[in-house]
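Descriptive analysis of the structure
Residues per chain, in single letters:
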Amino acid sequence: SKESYITVSAFVPQTGWTVKYVDSQEITGENTPATNAFDGNNSTIWHTEWSASSPGYPHTLIVDMGSAYPVNGFNYVPRQNSANGRIASYQFYVGNDTTNMSLVNSGTWTNDNVEKSMTFSPVSARYFKLVALSEVNGNLWASAAELKMKITPEPAPIANFTANSTTIMSGQTVTFTDLTENNPTNWNWTFEGGNPATSSTQNPTVSYAGAGNYSVTLVAANATGSNTLTKTGYITVSSPVSYCSIK
């Protein structure tokens, strides 16, 4: 048999996110509230106050994602058009309440506008907290174009199947049973020599007319990815034996 895998990554939907706490945001000299950090637009930014005063570091932003999600990382998109406020040193926390949050990542980012992708051990969390400790040029401000939370993906399927019979006579049928692991939601079968030749049902029944050895392929998929399993020569079809009488 042969197998192949395809896996994709995803982020927690930003719809429904709210600011639980922010220590500073500029809404007078320019419209750069903390909500800009999760509006899906890299051209808008959250920027700490600068017009009336410039509060110093650290700067803290706590976001409520609305419900708990299995998460394993986050992305920070720096301000795209200027270095002002780009965060250098940082700490990142997650938790299911804002009083008992766990530090899951920390470090120092380079001074550019490239999206930063960070990871940590999978955990369930409703809230995340970004604590900015310094700015790339030593200024007092902090900024962010976007903050994204990586959702821990459900494992991609591991395709597998069986048949109620693998040796039949021509004209008979075979019922295939899906044994795929990790909650598949889509099935694409290919039956060499079979009728139908393809199927998208989970447990199809297929008839075979001609004698031969036929392969069966299943591509199983879920939201994370897909997996393909081919069983070569899995179904053996024999022609009926003809008898002649002698008088």
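The preceding data block contains the structure.
Bear in mind the structure is a predicted one, so any value in this text is a computation, not a measurement.

Turning to the packing of aromatic side chains, a few remarks are in order. Enumeration over the complete set of coordinates arrives at 16 aromatic pairs. Arranged with centres 3.6 Å apart and planes meeting at 5°, the rings of Phe74 and Phe92 form a pair that is stacked. Of this pair, Phe74 sits in strand S4 (residues 59-77) while Phe92 sits in strand S5 (residues 89-95), placing them 18 residues apart in sequence. Overall, the relative accessible area of 1% leaves Phe74 in the buried class. The buried category is assigned to Phe92, whose relative accessible area is 0%. Ring geometry for Phe161 against Trp189: centres 5.2 Å apart, planes inclined by 65°, an arrangement best described as edge-to-face. In this pair, Phe161 is assigned in strand S10 (residues 161-163) and Trp189 in strand S13 (residues 186-191), connecting sequence segments 28 residues apart. By the burial criterion, Phe161 is buried, and Trp189 matches it. Cluster of aromatic residues (ring-pair linked, three or more members): Trp17, Phe38, Phe74, Tyr76, Tyr90, Phe92, Trp109, Phe120 and Phe128. When the ring centre of Tyr93 is taken as origin, the NZ or CZ atom of Lys129, which lies over that ring, is 4.5 Å away. A cation over a ring is seen here: Lys148 above Phe11, with NZ or CZ 5.5 Å from the ring centre.

Let us look at the nonpolar core. Judged by nonpolar contacts, the single largest core of 29 residues is most densely connected at Phe74, Phe128 and Met149. Listing elements by their share of this core, those giving two or more residues are S4, S5, strand S7 (116-132) and strand S9 (146-151). Examining the composition of this core, we find that 7 residues originate from one element, S4, more than from any other. Excluding anything up to four places from it in sequence, Phe128 contacts Trp17, Leu61, Ile62, Val63, Met65, Phe92, Tyr93, Val94, Met101, Leu147 and Met149.

About the criteria used
Residues numbered from 1 in each chain as written. Predicted model: local features only at pLDDT ≥ 70, side-chain atom pairs only at ≥ 80, totals over all residues. Heavy atoms only, no water. Phe/Tyr/Trp six-rings, centres within 6.5 Å; stacked < 30°, edge-to-face > 60°. Helix = DSSP H or I, 4+ residues; strand = E, 2+ residues; numbered from the N terminus. Buried < 20%, exposed > 50% of the residue type's maximum accessible area, 1.4 Å probe, protein only. Lys NZ or Arg CZ within 6 Å of the ring centre and 35° of its normal. Core = buried A, V, L, I, M, F, W, Y, C linked by side-chain atoms within 4.5 Å. Contact = heavy atoms within 4.5 Å.

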